[in-house]
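# Examining the three-dimensional arrangement
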Amino acid sequence: MSALPLDQLQITQKDLKTGKLRTSPALHPEQKADRYFVLYKPPPKDNIPALVEEYLERATFVANDLDWLLALPHDKFWCQVIFDETLQKCLDSYLHYVPRKFDEWVAPSSEVVDMQKRLHRSVFLTFLRMSTHKESKDHFISPSAFGEILYNNFLFDIPKILDLCVLFGKGNSPLLKKMIGNIFIQQPSYYNDLDETIPTILQVFSNILQHSGLQGDGDGASATPQKLEERGPLTPSDMPLLELKDIVLYLCDTCTTLWAFLDIFPLACQTFQKHDFCYRLASFYETAIPELESAIKKRRLEDSKLLGDLWQRLSHSRKKLLEIFHILLNQICLLPVLESSSENIQCFIEEFLQIFSSLLQEKRFLRDYDALFSVADDVSLLQQASSVLDETRTAYILQAVESAWEGVDRRKAIDAKDPPVAEDLNGGMATAELISGPSSYPENSEEEKCMGAAAALGPAVHGVELDSLISQVKDLLPDLGEGFILACLEHYDYDPEQVINNILEERLAPALSQLDRSLDRQMKPDPTPLLTSRHNVFQNDEFDVFSRDSVDLSRVHKGRRKEESTRSLLNNKREVVAQRQRYEQYSVVVEEVPLQPGEGLSYYGDDYEDEYDDTYDGNQVGANDADSDDELISRRPFTIPQVLRTKVPREGQEEEEEEEEAEDEAPKPDHFVQDPAVLREKAEVRRMAFLARKGYRHDSLTAVAGSTRGHGQSRETTQERRKKEANKSTRANHNRRTMADRKRNKGMIPS
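No experiment lies behind these values; they were computed from the predicted model shown.

All right, on to the pattern of salt bridges then. On inspection of all chains with the given rule, the structure shows 16 salt bridges. Taking the shortest distance from any N to any O, the salt bridge between Asp-65 and Arg-35 comes out at 3.1 Å. With a gap of 30 residues between them, Asp-65 in helix α1 (residues 49–70) and Arg-35 in the loop between β2 (21–25) and α1 connect regions that are remote in the sequence. On the accessibility criterion, Arg-35 (31% relative accessible area) is partly exposed. Between Asp-741 and Arg-744 there is a salt bridge, with the nearest N and O atoms lying 3.0 Å from each other. Note that Asp-741 and Arg-744 are positioned in helix α32 (residues 736–745) at a spacing of 3 residues, about one turn of the helix. Owing to a relative accessible area of 33%, Arg-744 belongs among the partly exposed residues under this scheme. One connected set of salt bridges, linked through shared partners, spans Glu-293, Arg-318, Arg-364 and Asp-368.

Below, the structure is given as structure tokens:
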């Protein structure tokens, strides 16, 4: 007979008051033992003996109680867990107050470390047993009842699960994954609780931005004007160091907790993405991380030990944010593409493209993410999985990632390592050497202190920009040498304002204070060798001794070449010999072929044809035709074309030539420039004389036009109109037929 689950099991026992047997459920408040669980308190930050003794005494009580609880049988254990409120408060106090690995505290004694290990193990085993519904074949709880017990009695909730992941995830990852997975499987309502918790997580990011002065207090902030006596929000660079420390610790706690939860339970990524978590995470990163880094770098002269610790925590937080984004992207887009069939992957690819398309303006985030997880590799994976991938969008995304790297040395950024974050000994407490012990950074060495992945992203300043920064400092402090100013700029990240301020307040670093303030600037030699930087038209030619070891000296001539004489040039028959073979090919065509006696038959034997048609061999084709040359020219007399005629000078041309000869024979005038008006009059007289010799007469168009109609015409007008009517056939287009016959007679138009 199979055993019943604990939620259905009934036990029979004797009533102490009546002495009768009665039946009651196995899970009943009466089955709970009367035991009080004390609350947990963290170990003291200072190793004061009295406080350490108090802590050890209280921690011993808690550890003994948990050991007693774990030793109870199955039914008694669950009755104690469900109905004992002091147990739940004790477990909650441990999750709330136990030091995380990123908390700062003084190195504890060996007794404290051993007690922390014992408590850590007992608490983890207690939660592990609470998340197991079946311990053996005889001791188990039905899955549906188990889920109701967990949810209704608040044995687990989302904050507890987050704390469990961050406390026990390191070193207990396999067990914790089974534990959290079983809780969400047996009670799906926890997914709804997680969905309602994510807005609170996003509000944490907004609170960090508000306290840092990087975001307004809400929609009503811009509508309500700020009062004069109110102080504006402080930026990370202006706020006190302790406030900056609180913000960095808060950010580190939030990022580490989120990363631990998603690393243990990646199935929650879908719920996170419902709230557009990827975009909000990248936007927060782009806004907060650079400002916090800049604030820590500018506080170089404050507590160097604390600043080094803050830089470690900020670098750790920055890396965890990038890893959170990678986990989300991997679970939402990449893993489904690898696990699904080719027909169902298009929606996941589209999700990937949409996520990165929304992040194109977040340059710093894209650069840092690409340094840890290559975007090109993810795109290549999608290209291999799908043949219909939108190449335009992928190319645009890759181009945006490349543009984010402009002005940044990619190799240095990728190779830069984050400073090590303190690790715990048992998964729940931090060692003291890295957190609060002696600083691992050299004293007064701010550059080494702030070296991280992000610190290597600043481009070097050189050339004209560097000269401008030096002149900016030298204009205010002209007694300083350029070499000293350059050393200060390099020390303070090329910030001229900080250099001027520290020089005026005598707050320079010891290394700079020892330098000579009149130090001149030494120009650095060009690291590029001269031979490798040559670029001209003769580079790498046959005579370039810098690029080849051997040169053909026979082609090298020293001095001026002796020019060849005309006779030697004519006697040079090299071109003729070169062309001889070409022209010998034309000799195959000959007029006559000489035959030797007896070769005639053999030569013509192959060309003879019996069927040759010799009908027309004796006829004279075209010789006896009826048409003759006389008929061809009988239509009109033969006329020599005007172009072929010999030129006979006319009278006018002879006179012109005589005038020109007369002018040539006339004495040459001097070069005195006459009055232009006189010259124009003489030219007009010569023109009129020439026209008169030709027979042309001056047309008085004004006389022909006459005066207005109705007023009568003058005698001159009447005469001119009569002449025009009589002689109009000599001009214009009145003699077309006569001129056409004339052209035809001259042979210009074919008949």
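Okay, back to it.
Looking along a regular strand, one sees side chains alternate from face to face of the sheet. Summarising the sheet, strand β1 (residues 10–14) and β2 pair through 5 bridges and their orientation is antiparallel. Pairing of Ile-11 across the sheet is with Ser-24, part of β2. Hairpin remark: β1 followed by β2, antiparallel, with 6 residues in the connecting loop; positive phi at Gly-19, about 80 degrees.

Let us now look at the side chain of Gln-31. Relative to the elements of secondary structure, Gln-31 occurs in the loop between β2 and α1. Assessed through its relative accessible area of 10%, Gln-31 is described here as buried. Among residues more than four places away in sequence, those in contact with Gln-31 are Ile-11, Gln-13, Ser-24, Pro-25, Ala-26, Lys-76 and Cys-79.

A word on the nonpolar core. Side chains of nonpolar character tend, in soluble globular proteins, to be buried together. Core analysis: the biggest nonpolar cluster contains 130 residues, and Trp-78, Phe-156, Phe-261, Phe-272, Phe-277 and Phe-325 have the highest contact counts within it. Per-element tally for this core: the top contributor is helix α12 (residues 304–339), with 16 residues. What Phe-325 contacts, discounting residues up to four positions off in sequence, is Cys-278, Leu-281, Ile-355, Phe-356, Leu-359, Phe-365 and Tyr-369. Val-461, Leu-477, Leu-486 and Leu-512 belong to the second-largest nonpolar core, a separate cluster that totals 19 residues.

Attention now goes to the side chain of Thr-256. With respect to the helices and strands, Thr-256 occurs in helix α9 (residues 241–264). Overall, the relative accessible area of 1% leaves Thr-256 in the buried class. Those residues within four positions of Thr-256 in sequence are excluded, and the remaining contacts are Lys-101, Phe-102, Val-166 and His-316.

We now examine the environment of Lys-160. Tracing the sequence through the fold places Lys-160 in helix α6 (residues 158–168). Put simply, Lys-160 and Leu-95 are 65 residues apart on the chain and 7.3 Å apart in space, counted from C-alpha to C-alpha. The contacts of Lys-160, once residues within four sequence positions are left out, are Gln-88, Asp-92, Leu-95, Phe-154 and Leu-155.

Moving on to the environment of Val-123. Topologically, Val-123 is positioned in helix α4 (residues 110–130). Separated by 33 residues in sequence, Val-123 and Cys-90 place their C-alpha atoms 9.8 Å apart. Leave out the neighbours within four places in its chain, and Val-123 touches Leu-66, Leu-91, Tyr-94 and Phe-168.

By secondary structure assignment, the location of Leu-150 is in helix α5 (residues 143–152). Along the primary structure Leu-150 and Ile-183 are separated by 33 residues, whereas in three dimensions their C-alpha atoms are 8.2 Å apart.

This part covers the packing of helix α2 (residues 74–83) against α4. Their axes nearest at 11 Å, the elements α2 and α4 cross at an angle of 100 degrees. Considering the angle they form, α2 stands roughly perpendicular to α4. Mapping the contact onto sequence places His-74, Phe-77, Trp-78 and Val-81 in α2 and Thr-126, Arg-129 and Met-130 in α4. Of the residues contributing to the contact of α2 with α4, the split by class is 4 nonpolar, 2 polar and 1 charged.

A word on the packing of helix α20 (residues 464–476) against helix α22 (residues 496–504). Contact geometry of α20 with α22 gives a least axis separation of 10 Å together with a crossing angle of 30 degrees. Our classification of the angle between α20 and α22 gives roughly parallel. The two elements α20 and α22 meet at a crossing, and its hand is right-handed. On α22, the residues touching Leu-469, Gln-472, Val-473 and Leu-476 of α20 are Pro-496, Val-499 and Ile-500.

A word on the packing of aromatic side chains. One pass over the structure, following the stated rule, counts 24 aromatic pairs. Summarising the aromatic geometry, the rings of Phe-356 and Tyr-369 are spaced 6.2 Å apart at their centres and angled 55 degrees between planes, so their arrangement reads as tilted. Within this pair, whereas Phe-356 is found in helix α13 (residues 346–357), its partner Tyr-369 is found in helix α14 (residues 363–372), the two being separated by 13 residues in sequence. Accessibility assignment for this pair places Phe-356 and Tyr-369 in one class, buried. Site record: aromatic cluster; members linked through ring pairs are Tyr-151, Phe-184, Tyr-190, Tyr-191, Phe-205, Phe-261, Phe-265, Phe-272, Phe-277 and Phe-284. Over the ring of Trp-68 we find Arg-35; its NZ or CZ atom is 4.5 Å from the centre of that ring.

Take the state of the cysteines next. If you walk through the whole model with that rule in mind, you get 0 disulfides. Looking at the unpaired Cys-255, the closest cysteine sulfur is the one in Cys-252, lying at 7.3 Å. A relative accessible area of 0% places Cys-255 in the buried class.

Each value, and the rule that gives it
- Residues numbered from 1 in each chain as written.
- Predicted model: local features only at pLDDT ≥ 70, side-chain atom pairs only at ≥ 80, totals over all residues.
- Heavy atoms only, no water.
- Salt bridge = Lys/Arg side-chain N within 4 Å of Asp/Glu carboxyl O.
- Helix = DSSP H or I, 4+ residues; strand = E, 2+ residues; numbered from the N terminus.
- Buried < 20%, exposed > 50% of the residue type's maximum accessible area, 1.4 Å probe, protein only.
- Pairing = 2+ DSSP bridges.
- Contact = heavy atoms within 4.5 Å.
- Core = buried A, V, L, I, M, F, W, Y, C linked by side-chain atoms within 4.5 Å.
- Axes fitted to C-alpha atoms, helices over the stretch in contact; angles between N-to-C directions.
- Parallel < 35°, antiparallel > 145°, perpendicular 65-115°, else oblique.
- Nonpolar A, V, L, I, M, F, W, Y, C, P; charged D, E, K, R; others polar.
- Left-handed = near helix turned anticlockwise from the far one by under 90°.
- Phe/Tyr/Trp six-rings, centres within 6.5 Å; stacked < 30°, edge-to-face > 60°.
- Lys NZ or Arg CZ within 6 Å of the ring centre and 35° of its normal.
- Disulfide = S-S within 2.5 Å.

Taken by themselves, the reported measurements are silent on function.
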